[in-house]
Amino acid sequence: MGKAASMSARAQVATTVARVEIPGLAKRLLCPSFSDLFFLLIIVWSFLAGANGWQRLLLDGDTGIHIRVGDYILANHQVPAHDLFSFSKPGQQWYAFEWLSEVLFSFLHGRFGFKGVVLVSGIVIAATFAVLLRYAIWRGSNSLIAMALVMMTVNATSIHFHARPHIFTLLFLTVAVWLLAVDRQKRTRAVWLLVPLTTLWTNMHGGFFMFLALLGLLVIGCALEAYFRGGVAANRWSETVRYCGLGLACGLASLINPYGIRLHFHIFDIVHSKWVADFIDEFKSPSFRSEQLLHFMILLFLGLAVVWPLLARRRITETLWVLFLAYCSLMSVRHVPLYMLVAAPIVAVEISGLWNRWARDQPKHSVPRILDDLATEAQGNFRWTSMWAPLALLFLSVTGSVRWPTGFPEELFPVQMIRRHADRLASARVFTADQWADYLIYLNYPRQRVFLDGRHQYYGERIATDYMKLGGGHHTWQTLIDRYQFDVVLCPVDLPLASLLKYDARWRIVEDDGKTILFERTAERAQARL
């Protein structure tokens, strides 16, 4: 009887607990949180309220190439190992190392058009910053300070808001750093999710390389903390061993890709290639002349300012991360978002510590104290996600009130002229801008071949240099035209090459709309007819 009564009592307790938890779960699903509101704020601010709207995600022609590579993979059930799109380096070895992202873009484009591509890209971007905000607050940051720094991060990172595979690195890096922080606070099996995440990441974007570098710095940081922190040395040495194993596992996981270790050497060569840094804007050092990069500069100074307090508390890993990513971002503007995502929560916690010590010494009804109380009360409202954010996105996707893009913006691409002469361009050896070449590949797939497109690293220094010389009207322009046997030129009317071709009898103007001009070579065609 006693045993039966005990089991009955336990059953009653379990039932009571279940009854308590279910309303709590229902409340979290039904009540919108500040995280939901922040996520939707990013969507509205970045993609609904702006002048370009969702179209801003299609300002880079590389999106077109990614879609067509995905089309090829889905049609042929294999990842390409050789070039598909050029006449200047036809059939050469090529690494489609973002193939999984490209398959996703192809599927979305084929099923939903550009609406699907931009909507999913926007969700990934907004989710990145919603996760970042929750991570910063989880670390102990004042919610208002965290929100301010995350909004600065959004603004600085917006220079890279394009529907391209790099957006997955932004999300994966934020999630990965949070998982590492959780594990350092209290060991958990969840950190080993980073191993399959690395495999997924490797096949979606080359940014996984930066994550492996941060894991290496984590191991070094733990070892140095073990050496300098005395009383907690045993725990830090244990962490060093643990993260060595994690780093090794993630490194091996990154080999699960169509190219194996060759992919790693390829990415390393790109990152350390001087000509790439000189030729491609994303690889150049930042120029602090825009609002976005001004916010980066502010957080850069703040990150450097907290280095000493971090070192004073033997927080060596965070110090190494901040310094390493600060260096990378000053060398290449494409690393600015990575610095912001990693540094913002670290800086937010340090500023929050200073704020707390100052604000709580202020009078009870003073503005700083009121703000501090508001931030403290709001803290808990960031810790769950309800059903309302997905429902709002569903409403956006089906409502007719949103103007979804149906193609690339005509302000940046000569869409109408290319469509009028699509067949002529598809059969020609055409010289055009790299971004316009991306659009040509997209529009005339699979017929179109181009001289140089957005995959600059594939073409190499010589072709990239010849491209710049041709467009700039270098004195060797005629030699270069003959070398590559161009028979069509599509370029802006103010390009120096356009002025030269207007006075060359071997070329005739097919169409000039005041912004874009299309030339066709005549002399060789006449000889061919004879």
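As the structure is a prediction and not an experimental result, all values here were calculated from the model.

Peer 1: Pulling in residues and values, what's your account of the overall build of the protein?
Peer 2: Regarding its fold elements, the protein presents 25 helices and four strands. Overall size of the protein, expressed as C-alpha extent along the three principal axes, is 105 × 55 × 55 Å. Burial statistics for the protein: of 530 residues in total, 51% are counted as buried. Long-range pairs, those at least 24 residues apart, make up 71% of the contacts in the protein with a sequence separation of at least 6. Entry remark: accessible area of the protein is about 24,900 Å², with carbon and sulfur atoms responsible for 62%. Where the 51 positive side-chain charges of the protein centre and where its 39 negative ones centre are 9 Å apart.

Peer 1: Kindly report on the pattern of salt bridges, identifying the contributing residues and their values.
Peer 2: Taken as a whole and assessed by the stated rule, the structure comprises 20 salt bridges. Linked by salt bridges that have partners in common, Asp-60, Arg-164, Glu-282 and Arg-334 make up one network.

Peer 1: Tell me about the pairing of strand E2 (residues 488–492), and please be specific about residues and values.
Peer 2: Within E2, four of the five residues are buried, which leaves it mostly tucked inside the rest of the structure. Sheet analysis places strand E1 (residues 430–432) next to E2, joined by three bridges and oriented parallel. Residue pairing for E2: Val-430 is matched across the bridge by Val-488. Summarising the sheet, E2 and strand E4 (residues 516–521) pair through five bridges and their orientation is antiparallel. By the bridge assignment for E4, Val-488 is matched with Glu-520.

Peer 1: Talk me through helix H4 (residues 99–112); I want residue IDs and the actual numbers.
Peer 2: For an α-helix the count is 3.6 residues per turn, leaving residues at separations of three or four pointing the same way. Given a rise of 1.5 Å per residue, 14 residues ought to cover 20 Å, and the 20 Å separating the end C-alpha atoms of H4 matches this to within 8%. Considered for burial, the residues of H4 that qualify are Ser-101, Glu-102, Val-103, Phe-105, Ser-106, Leu-108 and His-109. Buried residues belonging to H4 abut helix H3 (62–76), helix H5 (114–138), helix H7 (166–185), helix H8 (194–204) and helix H21 (434–443). In the stretch just after H4, Gly-113 is the one whose phi turns positive, near 75°.

Peer 1: Give me the lowdown on the pairing of E4, citing residues and values where you can.
Peer 2: Taken across its six residues, E4 has six buried, putting it largely inside the fold. Judged by which residues are buried, E4 turns out to be covered on both faces: Thr-516, Leu-518 and Glu-520 on one side and Ile-517, Phe-519 and Arg-521 on the other are all buried. Where strand E3 (residues 507–512) lies against E4, five bridges are found, and the strand directions are antiparallel. Bridged to Trp-507 within E4 is Arg-521. Two successive antiparallel strands, E3 and E4, enclose a turn made up of three residues, where Gly-514 displays a positive phi of approximately 95°.

Peer 1: Describe the nonpolar core, naming the residues involved and giving the relevant values.
Peer 2: As a rule of thumb, nonpolar side chains are buried together in soluble globular proteins. Membership of the largest hydrophobic core comes to 155 residues, with the highest contact counts inside it found for Trp-54, Phe-129, Leu-180, Leu-194, Tyr-339, Phe-451 and Phe-486. The dominant element in this core, judged by the number of residues it contributes, is H5, at 14 residues. Once residues within four sequence positions are removed from consideration, Phe-486 is found in contact with Phe-87, Arg-429, Val-430, Phe-431, Phe-451, Leu-470, Leu-480, Ile-481, Trp-507 and Arg-521.

Peer 1: How would you explain unusual backbone geometry if you had to name every residue and give the values?
Peer 2: The amide bond that connects Tyr-445 to the next residue, Pro-446, takes the cis arrangement and shows omega of 5°. Tracing the chain through its elements places Pro-446 in the loop between H21 and helix H22 (456–471). With phi around 55°, His-77 is a residue other than glycine that occupies positive phi space. For His-77, the location among the structural elements is in the loop between H3 and H4. In this structure, Gln-485 is a non-glycine residue whose phi angle is positive, near 55°. Inspection of the secondary structure assignment puts Gln-485 in the loop between helix H23 (477–484) and E2.

Peer 1: Requested: an account of the layout of surface pockets, with residues and values cited.
Peer 2: Counted as a void, the second largest pocket has a volume near 580 Å³. The wall of the second largest pocket is formed by 25 residues, among which Gln-55, Arg-403, Pro-405, Gly-407 and Pro-409 lie closest to the centre. Counting only elements with at least two residues in the lining of the second largest pocket, the list comes to helix H2 (34–48), helix H19 (415–420) and H21. Sorting elements by how many residues they give to the lining of the second largest pocket places H19 first, with three residues. Here the lining of the second largest pocket is built from residues that sort into 14 nonpolar, seven polar and four charged.

Calculation notes
- Residues numbered from 1 in each chain as written.
- Predicted model: local features only at pLDDT ≥ 70, side-chain atom pairs only at ≥ 80, totals over all residues.
- Heavy atoms only, no water.
- Helix = DSSP H or I, 4+ residues; strand = E, 2+ residues; numbered from the N terminus.
- Buried < 20%, exposed > 50% of the residue type's maximum accessible area, 1.4 Å probe, protein only.
- Contact = heavy atoms within 4.5 Å.
- Areas by Shrake-Rupley, 256 points an atom, 1.4 Å probe, with all protein chains shown as cover.
- Lys, Arg positive; Asp, Glu negative; His and termini not counted.
- Charge placed at Lys NZ, Arg CZ, Asp CG, Glu CD.
- Salt bridge = Lys/Arg side-chain N within 4 Å of Asp/Glu carboxyl O.
- Pairing = 2+ DSSP bridges.
- Expected span 1.5 Å × (residues − 1).
- Core = buried A, V, L, I, M, F, W, Y, C linked by side-chain atoms within 4.5 Å.
- 1 Å grid on protein atoms, 1.4 Å probe; cavity = no way out; pocket = protein on both sides within 12 Å on 5 of 7 lines; lining within 4 Å.
- Points joined across faces, edges and corners; volume = space filled by probe spheres on them.
- Nonpolar A, V, L, I, M, F, W, Y, C, P; charged D, E, K, R; others polar.

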